[in-house]
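Spelled out from the first residue to the last, the chains are:
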Amino acid sequence: MALNPTSLPVVHKKLDIIPLEEIQKVLTEGLPTNFKDVEVTVVDCPDLTKEPFTLAKPGLSGSTKLVEVGGPPYLLPTVQKDKVYDLRDIAKLSDAKNVFIIGAGAGPHPYAGRNCEGIFNLVLENGTVNQQTRIAKVTPVNENCSQEILPNTETRMALLGNLFLSEGKPGKVLKVHAKTRTGRKDFIASIRECLEKKFPDKLVGLGGTFLLKEGIAKQHVMRDFSTTPIKNEEELNKWLKFYNMSAPLIAVGTLVNGDGGLDLRVQHFHSFSNHGEAGHYHIDVTPETVEYLGYFSVGEEIYRIDAPEETHTFGRD
Ligand SMILES: [Zn+2]
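Residues numbered from 1 in each chain as written. Predicted model: local features only at pLDDT ≥ 70, side-chain atom pairs only at ≥ 80, totals over all residues. Heavy atoms only, no water.

Points about the nonpolar core
Right, so step 1: If you look at the biggest cluster of nonpolar residues, it comprises 63 residues, and the most contacted ones within it are Phe187, Ile191 and Phe296.
Right, so step 2: The element best represented in this core is strand E15 (residues 249–256), accounting for six residues.
Right, so step 3: The residues touching Phe187, leaving out its near neighbours within four places in the chain, are Phe35, Val176, Ala178, Phe210, Tyr281, Tyr292, Gly294 and Phe296.
Right, so step 4: Leu8, Tyr85, Ala158 and Leu159 belong to the second largest nonpolar core, which has 35 residues in total. (Core = buried A, V, L, I, M, F, W, Y, C linked by side-chain atoms within 4.5 Å. Buried < 20%, exposed > 50% of the residue type's maximum accessible area, 1.4 Å probe, protein only. Helix = DSSP H or I, 4+ residues; strand = E, 2+ residues; numbered from the N terminus. Contact = heavy atoms within 4.5 Å.)

Observations regarding the coordination of the zinc ion
Right, so step 1: Here the zinc ion is held by the protein donor atoms His268 (NE2), His270 (NE2) and His280 (ND1), which lie 2.0 to 2.1 Å from it.
Right, so step 2: Expressed as a motif, the donor residue spacing for the zinc ion is H-x1-H-x9-H.
Right, so step 3: Among the residues examined, His268 registers a relative accessible area of 2% and is labelled buried.
Right, so step 4: For His270, a relative accessible area of 0% corresponds to the buried category. (Donors = N, O, S within 2.8 Å, 3.2 Å for Na, K, Ca; no water.)

Notes on the sheet that holds strand E17 (residues 279–284)
Right, so step 1: The strand order E2-E11-E18-E12-E15-E16-E17-E13-E14 describes an open sheet built from nine strands, whose pairing is antiparallel. A strand with exactly one partner marks an edge of an open sheet, and here the two such strands are strand E2 (35–44) and strand E14 (240–246). Across the sheet, the axes of successive neighbouring strands diverge by a mean angle of 30°, strand direction being ignored.
Right, so step 2: Judged from the six bridges that link them, E15 and strand E16 (residues 267–272) form a sheet pairing that is antiparallel. Opposite Leu255, over in E16, you have Gln267 as the bridge partner.
Right, so step 3: Here helix H1 (residues 20–30) sits on the sheet in contact with E2, strand E11 (172–181), strand E12 (205–214) and strand E18 (291–298), set at roughly 175° to E2. (Pairing = 2+ DSSP bridges. Axes fitted to C-alpha atoms, helices over the stretch in contact; angles between N-to-C directions.)

Side note on helix H4 (residues 187–198)
Right, so step 1: With twelve residues, H4 should cover 16 Å at 1.5 Å per step; its first-to-last C-alpha distance of 17 Å lies within 8% of that length.
Right, so step 2: Within the sequence span of H4, burial applies to Phe187, Ile188, Ala189, Ser190, Ile191, Arg192, Cys194 and Leu195.
Right, so step 3: Its side-chain oxygen at 2.9 Å from the backbone nitrogen of Ile188, Asp186 defines the N-terminal cap of H4. (Expected span 1.5 Å × (residues − 1). Polar contact = N/O pair within 3.5 Å; in protein donor to acceptor, adjacent residues only side chain to side chain.)

Examining H1
In an α-helix there are 3.6 residues to a turn, and that puts residues three or four apart on one side.
Right, so step 1: Taken together, the buried positions of H1 are Leu20, Ile23, Val26, Leu27 and Gly30. Down the axis of H1, the sector holding all buried residues measures 120°, keeping them to one side. Every exposed residue of H1 that faces more than 90 degrees away from the buried side is listed here: Lys25 and Glu29.
Right, so step 2: Packing partners of the buried residues in H1 comprise E2, E11, H4, E12 and E18. (Arc of directions from axis to C-beta.)

Function cannot be inferred from these measures alone, as they are strictly geometric.
Written out as structure tokens, the structure reads:
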């Protein structure tokens, strides 16, 4: 079961659309604060269905939207297990019909039998589902991470999610290639902060994918729901299970340069792999050897769905 979509509040806002060439310039100037080798270009999107990305659609263009559903207050301090959403409903509420959805959120716990991460990557087209979403769980007893792909019959997510919706069409995208991290910011925060500094009066959102090509990333997977309330960041970090996960990792998600008065999570990327590892991206732990390759598209609109009425600021790292 999923929540009735008519019960879900939706707030919709236009994002500021900055030309790709202008973002290219801003990142070319700003990213060297955190990375030694930086190359930002505007390119035709490569076919993302091919290796190494293996996404469910080739491109990131056409009716681009950022969609944030729910939020950390539905997980913390105490889980609200009824917060289960069907992505087919979320697409409708976001005025999207035939749609390619990628992003980061909580996986469908009613399907998994326990709390899990969702690495969303699916196509809803003419009533059919091409589901390439992975979920990641912490295996009881040995606490290893396990990754599995969802079947086409399972289109739910839970609790919270940051999704990028498009028609999955080929088109111009921003290519960001960065090697050797010299600053303290992760790849996405580095991009985000360039946009924050340059466009403080605008609301700019990007969505897309990046490959951790070389190196190792610190990623978490949520353990099963805590039986006691999680009241602060310290308790949260004890409850989350952290792993060092190896390249190649394929990440999907969104970033925005501000809150926009919508209580937005400013960045959220999850990654999957073909070697069994998957989770929530924090940062690489191998700055000297790390290499990132990202493709991003600019969001035209943002949809904030079922935002928690009472919010807090922890659990958003
Ligand atoms: Zn996450």
